[in-house]
Amino acid sequence: NMSREAAWRIHAAFGFSALVFGSIHGAFALRHVSGIFTNTFWVVGFVGLAFMWLGYLPVWVHVFAPSLLSYDRWKLVHFLSPVGYLLSVVHVL
């Protein structure tokens, strides 16, 4: 059986890796491809990346200023990340 700590570390590593690669891909696309917002699948990828970031940034708000964001509210906002990953998969299709 995998420990809870190991599962969390894997979750954090894969999530952060997806954010890094998605952000690099998005920055490259914005710089080198014209008409990004004219293609539905490209827009879905952009929205997916935005949702992933919106699900990730509250982690740091909760870590450094827990009084601003309760754990329960943070967990709700963090569920935007899987929605973003799903949209990113649709973007790849």
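This text follows the structure it describes.
These numbers come from a predicted model, not from an experiment.

(A) Representation of the overall build of the protein within the structure. A tally of helices and strands in the protein yields four helices and zero strands. Reading the helices (α) and strands (β) of the protein from amino to carboxyl end gives α-α-α-α. Projected onto the principal axes, the alpha-carbon positions of the protein cover approximately 40 × 35 × 20 Å. Within the protein, residue pairs in contact and separated by at least 24 positions form 60% of the contacts whose partners lie at least 6 positions apart. Working note: accessible area of the protein is about 7000 Å², and carbon and sulfur atoms make up 73% of it.

(B) Quick peek at the packing of aromatic side chains. Tallying each qualifying case throughout the model produces six aromatic pairs. Between the aromatic rings of W53 and Y56, the centroid separation amounts to 5.6 Å while the plane-to-plane angle is 80°, which identifies the pairing as edge-to-face. Taken as a pair, W53 and Y56 lie in helix α2 (residues 40–64) at a separation of three residues, close to a single helical turn. Consider the rings of Y56 and W60, whose centres lie 6.4 Å apart with planes at 75°: the pair is edge-to-face. Here Y56 and its partner W60 are both found in helix α2, four residues apart, which amounts to about one turn of the helix. Each member of the aromatic cluster is reached from another via a ring pair, and the members are F16, W53, Y56, W60 and F64.

(C) Here's a closer look at the side chain of S88. Structurally, S88 can be placed in helix α4 (residues 80–92). S88 has contacts with G48, L49 and M52, leaving out every residue within four places of it along the chain.

(D) Local environment of the pattern of salt bridges. Applying the stated rule across the entire model yields one salt bridge. Put simply, E5 and R9 hold a salt bridge, and the shortest N to O gap is 2.7 Å. Remark: R9 and E5 occur in helix α1 (residues 4–32); sequence separation between them is four residues, near one turn of the helix. The partly exposed category is assigned to E5, whose relative accessible area is 45%.

(E) Structural context of the packing of α1 against α2. It is at 10 Å that the axes of α1 and α2 come closest, and there the two elements cross at 140°. In this view, α1 runs oblique relative to α2, as classed from their interaxial angle. Regarding α1 and α2, the two cross each other, and that crossing is left-handed. For the pair α1 and α2, the contacting residues are F16, L19, G22 and S23 in the first and L49, M52, W53 and Y56 in the second. For the contact of α1 with α2, the per-class residue count stands at six nonpolar, two polar and no charged.

Procedures and definitions
- Residues numbered from 1 in each chain as written.
- Predicted model: local features only at pLDDT ≥ 70, side-chain atom pairs only at ≥ 80, totals over all residues.
- Heavy atoms only, no water.
- Helix = DSSP H or I, 4+ residues; strand = E, 2+ residues; numbered from the N terminus.
- Contact = heavy atoms within 4.5 Å.
- Areas by Shrake-Rupley, 256 points an atom, 1.4 Å probe, with all protein chains shown as cover.
- Phe/Tyr/Trp six-rings, centres within 6.5 Å; stacked < 30°, edge-to-face > 60°.
- Salt bridge = Lys/Arg side-chain N within 4 Å of Asp/Glu carboxyl O.
- Buried < 20%, exposed > 50% of the residue type's maximum accessible area, 1.4 Å probe, protein only.
- Axes fitted to C-alpha atoms, helices over the stretch in contact; angles between N-to-C directions.
- Parallel < 35°, antiparallel > 145°, perpendicular 65-115°, else oblique.
- Left-handed = near helix turned anticlockwise from the far one by under 90°.
- Nonpolar A, V, L, I, M, F, W, Y, C, P; charged D, E, K, R; others polar.

No statement about biological role is implied by the geometric values presented.
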